[in-house]
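# Architecture and fold: a report
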Amino acid sequence: MTRPSNRIEPNMPVQAYQTYSITVPRDGAVRAACEQVGCAAWRHGWESTIDERTQLGQQQAAYIRTQARRTFREQRTDAGLTVFRFDSGQRCFAEHQTRPEIYAVRDGDWRGNPSGMARTHTRPQDWVEDFGEHQQRIADQRKEG
């Protein structure tokens, strides 16, 4: 295999390396929870102001009161509008989407994967922890000589 032009020639055999990568599939938007996308309404709570004098407003208010399954406080304004104040930490009414990330670890480097070992972490925190432990092992080995 020829070395790509932007790669430094490795000092060790391919078996001595491990590759950590984060990739995003090309067309892979998926439905996501508020917490995953950093939704401000989820983080801080939100208000929905509804005009119950309209048919749409009546339907929205009925949905919130009977079917939304969210924690809220209800108030009336001087203008006759209903304000629903939703607590933080619960799903808002928006449909969020995100592009999934793949947190992978495999043996080898750009020259190949001689052992065939490859795994994918389901949580980014696990990938970060794995990477940190690997870096610590390298540092410990260098220290020992």
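In case you missed it, the structure is sitting above this.
Residues numbered from 1 in each chain as written. Predicted model: local features only at pLDDT ≥ 70, side-chain atom pairs only at ≥ 80, totals over all residues. Heavy atoms only, no water.

### Some details on the nonpolar core
Membership of the largest hydrophobic core is limited to ten residues, which are Cys34, Cys39, Ala41, Trp46, Ile50, Ala61, Ile64, Phe84, Phe86 and Cys92. Secondary structure elements with two or more residues in this core: strand S3 (46–50), helix H3 (55–66) and strand S5 (82–86). (Core = buried A, V, L, I, M, F, W, Y, C linked by side-chain atoms within 4.5 Å. Buried < 20%, exposed > 50% of the residue type's maximum accessible area, 1.4 Å probe, protein only. Helix = DSSP H or I, 4+ residues; strand = E, 2+ residues; numbered from the N terminus.)

### A few points about the sheet that holds strand S4 (residues 72–76)
One open sheet holds the three strands; their spatial order is S3-S5-S4, and the pairing between them is antiparallel. Of all the strands in the sheet, the pair left with one neighbour each is S3 and S4. The sheet shows a mean angle of 20° between the axes of neighbouring strands, taken without regard to direction. Those strands touched by H3 are S3, S4 and S5, and its axis lies near 35° from that of S5. (Pairing = 2+ DSSP bridges. Axes fitted to C-alpha atoms, helices over the stretch in contact; angles between N-to-C directions. Contact = heavy atoms within 4.5 Å.)

### Considering H3
An ideal rise of 1.5 Å per residue puts 16 Å on twelve residues; H3 measures up with 16 Å between its terminal C-alpha atoms. Taken together, the buried positions of H3 are occupied by Gly57, Ala61 and Ile64. The buried residues of H3 all sit within an arc of 60° when viewed along its axis, so they share a single face. Turned more than 90 degrees away from the buried face of H3 sit Gln55, Leu56 and Thr66, all of them exposed. Contact partners of the buried residues in H3: S3, S4 and S5. (Expected span 1.5 Å × (residues − 1). Arc of directions from axis to C-beta.)

Taken by themselves, the reported measurements are silent on function.
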